[in-house]
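# Remarks on the overall topology
So the chains spell out like this:
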Amino acid sequence: MNHLLPWRVAAWALGVVPLAFAVKWTFQSLLGPNPVEFLEHYTGDWTLRLLLTTLAMTPLRKVTRLSEPIRVRRILGLWTYAFLCLHFSIYLVFDLGLSVAQLGADLVKRTYITLGFSAWLMLLPLAITSTNAWQRRLKRRWVTLHQLIYPAAILGCTHYYWLVKADTREPLIYLAILLALLAFRVQSVGISLRRRREQPPAVRVQIETMSASTSSERP
Ligand code: HEM
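The structure presented is a predicted model; accordingly, all values stated were derived computationally and were not measured.

### Quick word on the overall build of the protein chain
- In terms of regular secondary structure, the protein chain is built from 11 helices and zero strands.
- In the protein chain, the succession of α and β elements from N to C terminus is α-α-α-α-α-α-α-α-α-α-α.
- Structurally, the protein chain occupies a C-alpha span of about 65 × 45 × 35 Å along its principal axes.
- Counting only residues that meet the buried cut, the protein chain has 34% of its 219 residues in that class.
- Long-range pairs, those at least 24 residues apart, make up 68% of the contacts in the protein chain with a sequence separation of at least 6.

### Some remarks on the coordination of the iron atom of the ligand
- At the metal site, the iron atom of the ligand is ligated by His87 (NE2) and His159 (NE2), and these contacts range over 2.0 to 2.1 Å.
- Around the iron atom of the ligand, the six donor atoms sit at angles spanning 86 to 179 degrees, and that spread fits a shape best called octahedral. Residue His87 is located in helix H4 (residues 73-95), and its partner His159 is located in helix H9 (residues 149-163); the two are separated by 72 residues in the primary sequence. The two residues His87 and His159 agree in class, both being buried.

### Some remarks on the site of the ligand
- Taken together, 20 residues sit near the ligand, with His41, Asp45, His87, Gly116 and His159 positioned nearest.
- His41 places a polar side-chain atom, nitrogen or oxygen, 2.7 Å from an oxygen atom of the ligand.
- Contact between the ligand and His87: a nitrogen atom at 2.7 Å from a side-chain N or O atom of the residue.
- Elements with a minimum of two residues in the shell around the ligand: helix H2 (35-64), H4, helix H6 (111-128) and H9.
- Looking at the shell around the ligand residue by residue, the classes come out as 11 nonpolar, seven polar and two charged.

### Thoughts on the pattern of salt bridges
- Counted according to the given criterion, the structure contains two salt bridges.
- Where Arg110 meets Asp106, a salt bridge forms, and the shortest distance between an N and an O atom there is 3.8 Å.
- For Arg110, a relative accessible area of 35% puts it in the partly exposed group.
- Overall, Asp106 belongs to the buried group, its relative accessible area being 3%.

### Some thoughts on the packing of helix H1 (residues 4-27) against H4
- The contact between H1 and H4 brings their axes to 9 Å, and the two run at 10 degrees. In terms of orientation, H1 and H4 fall into the roughly parallel class. Packed against H1, whose contacting residues are Arg8, Ala11, Trp12, Leu14, Gly15, Val16, Pro18 and Leu19, the element H4 presents Ile75, Leu76, Trp79, Phe83 and Leu86 at the interface.
- Among the residues forming the contact of H1 with H4, the class breakdown is 11 nonpolar, one polar and one charged.

### Quick notes on the environment of Leu66
- Here Leu66 shows up in the loop between H2 and helix H3 (68-71).
- Residue Leu66 is classed as partly exposed on the basis of its relative accessible area, which comes to 35%.
- Residues Leu66 and Ala119, 53 residues apart in the sequence, show an inter-C-alpha distance of 30 Å.
- Excluding residues that lie within four positions of it along the chain, Leu66 makes contacts with Trp7 and Arg61.

What counts, and where the lines are drawn
- Residues numbered from 1 in each chain as written.
- Predicted model: local features only at pLDDT ≥ 70, side-chain atom pairs only at ≥ 80, totals over all residues.
- Heavy atoms only, no water.
- Helix = DSSP H or I, 4+ residues; strand = E, 2+ residues; numbered from the N terminus.
- Buried < 20%, exposed > 50% of the residue type's maximum accessible area, 1.4 Å probe, protein only.
- Contact = heavy atoms within 4.5 Å.
- Donors = N, O, S within 2.8 Å, 3.2 Å for Na, K, Ca; no water.
- Tetrahedral: all angles 85-135°; square planar, octahedral: opposite > 155°, others 65-115°.
- Near = heavy atom within 4 Å.
- Polar contact = N/O pair within 3.5 Å; in protein donor to acceptor, adjacent residues only side chain to side chain.
- Nonpolar A, V, L, I, M, F, W, Y, C, P; charged D, E, K, R; others polar.
- Salt bridge = Lys/Arg side-chain N within 4 Å of Asp/Glu carboxyl O.
- Axes fitted to C-alpha atoms, helices over the stretch in contact; angles between N-to-C directions.
- Parallel < 35°, antiparallel > 145°, perpendicular 65-115°, else oblique.

So this is what it looks like as structure tokens:
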């Protein structure tokens with residue numbers, strides 16, 4: 001029995017199912033009185049859900065001691081970026097009519113656009129370097145680069161909080177989940193640094209050499 005298969009199916013389903021619904025509702029004209037606004041919000045919501053699910057894979061691996069969450073993280077990360085590009089494109093095409101000047105004006109005038117756009121820019125190199133070839137080429141720098149997912153997630157959540165005018169409960173729930181995931185990450189990095197410091201120097205050098213040559217760990 002391949003234990004990875006159900007994880008892969010679930011990771012693909014998290015991207016394919018919401019996309020299929022968006023396509024189905026579009027063709028059936030079920031997007032309500034303002035289809036552009038509906039799709040903008042729908043893709044924004046799914047970007048955030050997928051982003052937080054991607055970030056949850058490391059804690060899940062640590063808690064369950066299973067390797068599968070780490071092995072489906074790339075699929076989830078790429079679906080996150082696909083939804084983010086859709087979200088961005090809907091705004092660019094339907095709100096701005098592809099006007100770069102208008103985008104520049106919005107970036108200056110609207111803080112939530114500045115925050116969202118910065119998150120998109122930060123995640124771009126992660127999507128480009130997501131292949132095994134880039135991972136091998138960049139070695140340890142790849143792990144450092146992919147830590148950008150954390151500030152990008154903070155920007156994404158703040159973007160949502162900023163654009164909501166009245167009821168901030170939902171963006172605050174997403175922010176709370178993100179903070180919990182970040183706290184877990186900071187705590188586990190602290191523990192591994194402490195463990196490393198407690199090792200005798202010879203063992204430490206050996207561990208560092210081994211992890212530099214074998215690590216395929218993603219942030
Ligand atoms: C990681 C990055 C991003 C995340 C997580 C994200 C998430 C979201 C969420 C959750 C919403 C609100 C959905 C709702 O109300 O149900 C939203 C709305 C929106 N986002 Fe983003 N977004 C991101 C990046 C961007 C970018 C790059 C742009 C464009 C430059 C953008 C433009 C918009 C616009 C125009 C809206 C609708 C605002 C309104 O209706 O008043 N977002 N986004």
